[in-house]
Every structure is written in C-alpha cells, then in structure tokens.
Amino acid sequence: MLVLTRRSGESVMIGNDVVITVLEARGDVIRLGIQAPRDVQVHREEVYRELQASNKEAASPTQDKVQAVSKMLKPPATSD
C-alpha cells in the first residue's frame, strides 16, 4: 500500500485521468473530491462490497431453482 501525506487542496493522480483531491480535513474526517471519466466506477468500499455480494448471490442459483429449470428444459417423454 502506498501511503501519502496530502494537505487540503492537494491532489493525487491515479493513471492519466483520475484525480483525487483533499477538500477538507477535520479531525478524523477527510472529504475527498474525485475526478474520473464516466466509464470509471467510483464507490465507497462498503457499497462496492455490498454490490459484489448481491451480484454473486444473484448469479448463484439454489439447487431447487436449477432443478426447476432443468425440468422445464427436459423434452417431454414420448410414448411408443
């Protein structure tokens, strides 16, 4: 992990097009401004982790749901 010291008004560049600026530091609270292209997603870590967990849950069906879909896709039995 890179550790930097910045004062209010100072910035950090990430790559060529992401700028993080310290807007205000008050006690143990820091306000940051982030400039990034629209195609770069920026989330607070706790929100990002929740999104990942939700996506994983949605992409992982239960065994009952897999069996239900399998039954729907199985061709009907033919009688000879």
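First, a word on scope: everything that follows refers to the structure included in this document. (Residues numbered from 1 in each chain as written. Predicted model: local features only at pLDDT ≥ 70, side-chain atom pairs only at ≥ 80, totals over all residues. Heavy atoms only, no water.)

**Here's the deal with the pairing of strand β3 (residues 29-35)**
Formally: Think of it this way: DSSP has to see at least two bridges between two strands before they count as a pair. The numbering of helices and of strands both runs from the N terminus, where a helix is a DSSP run of H or I of at least 4 residues and a strand a run of E of at least 2.
As paired strands, strand β2 (residues 18-26) and β3 are joined by 7 bridges and run antiparallel to one another. Along β3, the bridge assignment pairs I20 with I34. Counted between consecutive antiparallel strands, the loop separating β2 from β3 contains 2 residues, among which G27 sits at a positive phi close to 65°.

**Examining the sheet that holds strand β1 (residues 11-14)**
This is how the line gets drawn: Lines fitted to C-alpha atoms define the axes, with helix axes restricted to the stretch in contact, and inter-axis angles between N-to-C directions lie between 0 and 180 degrees.
Read across the open sheet, the 3 strands follow the order β1-β2-β3; overall the sheet is antiparallel. Strands with a single pairing partner mark the edges of an open sheet, and in this sheet they are β1 and β3. Across this sheet, the average inter-strand angle for adjacent strands is 25°, counted without regard to direction. As defined by bridge partners, β1 adjoins β2 across 4 bridges and the pair is classed as antiparallel.

**A word on the pattern of salt bridges**
Where we set the bar: The salt bridge definition used is simple: a Lys or Arg side-chain nitrogen within 4 Å of an Asp or Glu carboxyl oxygen.
All told, the structure shown has 5 salt bridges when counted by the stated rule. Of the charged contacts, one joins E10 and R6 as a salt bridge, the two residues approaching to 3.6 Å between their closest N and O atoms. A salt bridge links R26 to E24, with the nearest nitrogen and oxygen atoms 2.4 Å apart. A single network of salt bridges, built from pairs that share partners, joins E24, R26 and R31.

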